[in-house]
Amino acid sequence: TLDKVLLRGEIQIGYVINPPGLIKDPNTGKLSGIYYDAVELMAKNLSLKANWKEEVSWGTMNEGLYTDKYDMIVGAVWPSSNRAKKVDFSIPLYYSADNAYVRADDYRFNTPQDINSNKITIATLDGEMSSIIAKSSYPTVKTLSLPEDASIAQNLLNVKSGKADITFVEQAVAQEFMANNPGSIKNPFSSYIRIFGNTIVLPKDQPGFENMINTAMEEIINSNDAERIVKSYEKYPNSFYMPQKPFVE
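Residues numbered from 1 in each chain as written. Predicted model: local features only at pLDDT ≥ 70, side-chain atom pairs only at ≥ 80, totals over all residues. Heavy atoms only, no water.

Asker: Can you tell me about the pairing of strand β8 (residues 121-125), naming the residues and giving the values?
Answerer: β8 sits mainly inside the fold: 5 of its 5 residues count as buried. Judged by which residues are buried, β8 turns out to be covered on both faces: Thr121, Ala123 and Leu125 on one side and Ile122 and Thr124 on the other are all buried. In terms of strand pairing, β8 meets strand β9 (residues 142-146) through 5 bridges, oriented parallel. The partner of Leu125 across the bridge, within β9, is Leu146. Since β8 and β9 lie parallel, the crossover through helix α5 (residues 129-137) that links them has a hand, and here it is right-handed. Pairing between β8 and strand β10 (residues 166-170): 2 bridges, direction parallel. Paired with Ala123 across the bridge in β10 is Thr167. (Buried < 20%, exposed > 50% of the residue type's maximum accessible area, 1.4 Å probe, protein only. Helix = DSSP H or I, 4+ residues; strand = E, 2+ residues; numbered from the N terminus. Pairing = 2+ DSSP bridges. Right-handed = clockwise from strand over helix to strand, strands pointing away.)

Structure (structure tokens):
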């Protein structure tokens, strides 16, 4: 992969729309977002072109890596054990909290263990982390699954409407939903369900390419460009967490 990228002088990218990690203007098709800005800067520092070749979905995004349609997948993707069997990941540019959300007037949930009930339905999105958490942590609980090309925010709409009881959503996504739908949902727990690093998906067992990408990402982080980019898209305070510096100032 490294040899092919250097020979053609560009990184071919498959991308998942996942605001604010990656945003697509519905009218113009123009891309923006945290990872768009970061990857464009990374490519510039590497003297390579970033070719945003193909939009992909959560469920099918890995297929293009297997067939060499693109060299990596961008969209602030969260690593998981299941995904790591088939692909590798870059170092995280920043971290996100994944919280549980229920209707604002639902008082059945005091701890995450309360989710384990045959009376509960979890709203999930195929291939996305909500479905992975549901399968790994609550395998016997019913789910209301959406197709992989649906919006993540649709999970929150299904909770709000009563079609489902609970879902797992990135804090920034839920903050935006609550701003547009005040008093509709809440996080019933005092802490997050999971913390995930936002990464780039890389082809399996390509150490030269992986090392190049990680070195370029680390350069962006250590130069404070990563924090600048993240803050420029952080609409609500404390939505994201930056990597801890490996030294004491």
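Asker: Break down the nonpolar core for me, citing the residues and quoting the values.
Answerer: Nonpolar side chains in soluble globular proteins tend to be buried together. By size, the foremost hydrophobic cluster in this structure holds 36 residues, and its most contacted members are Val39, Trp52, Met72, Leu93 and Ile213. Those elements that provide at least two residues to this core are β1 (10-15), α2 (34-45), β4 (49-55), β5 (72-77), β12 (194-202), α8 (207-222) and α9 (225-233). With 8 residues, the single largest contributor to this core is α2. Once residues within four sequence positions are removed from consideration, Leu93 is found in contact with Ile34, Tyr35, Ala38, Asn198, Met217, Ile220, Ile221, Ala226, Met242 and Pro243. Listed in part, the 24 residues of the second largest apolar core include Val16, Leu125, Val173 and Ala174. (Core = buried A, V, L, I, M, F, W, Y, C linked by side-chain atoms within 4.5 Å. Contact = heavy atoms within 4.5 Å.)

Asker: Tell me what's going on with unusual backbone geometry, and back it up with residues and numbers.
Answerer: Note: most peptide bonds trans; most residues except glycine with negative phi. The peptide bond linking Pro19 to Pro20 adopts the cis configuration, its omega dihedral lying at -5 degrees. Position of Pro20 among the secondary structure elements: in the loop between β1 and β2 (23-24). In this structure, Ser47 takes a positive phi of about 60 degrees despite not being glycine. Mapped onto the elements, Ser47 comes out in the loop between α2 and β4. Even without glycine at this site, Asp205 takes up a positive phi of about 60 degrees. Assignment of secondary structure puts Asp205 in the loop between β12 and α8. When its relative accessible area of 58% is taken as the criterion, Asp205 is described as exposed.

Asker: Requested: an account of the packing of α2 against α9, with residues and values cited.
Answerer: Close contact between α2 and α9 brings their axes to 9 Å; oriented N to C, the two are set at 150 degrees. By the angle between their axes, α2 is roughly antiparallel relative to α9. Pair α2 / α9 crosses with right-handed handedness. Here Ile34, Asp37, Ala38 and Leu41 of α2 come into contact with α9, specifically with Asp225, Arg228, Ile229, Val230 and Tyr233. Of the residues assigned to the contact of α2 with α9, the class counts are 6 nonpolar, no polar and 3 charged. (Axes fitted to C-alpha atoms, helices over the stretch in contact; angles between N-to-C directions. Parallel < 35°, antiparallel > 145°, perpendicular 65-115°, else oblique. Left-handed = near helix turned anticlockwise from the far one by under 90°. Nonpolar A, V, L, I, M, F, W, Y, C, P; charged D, E, K, R; others polar.)

These values are about where atoms sit, not about what they do.
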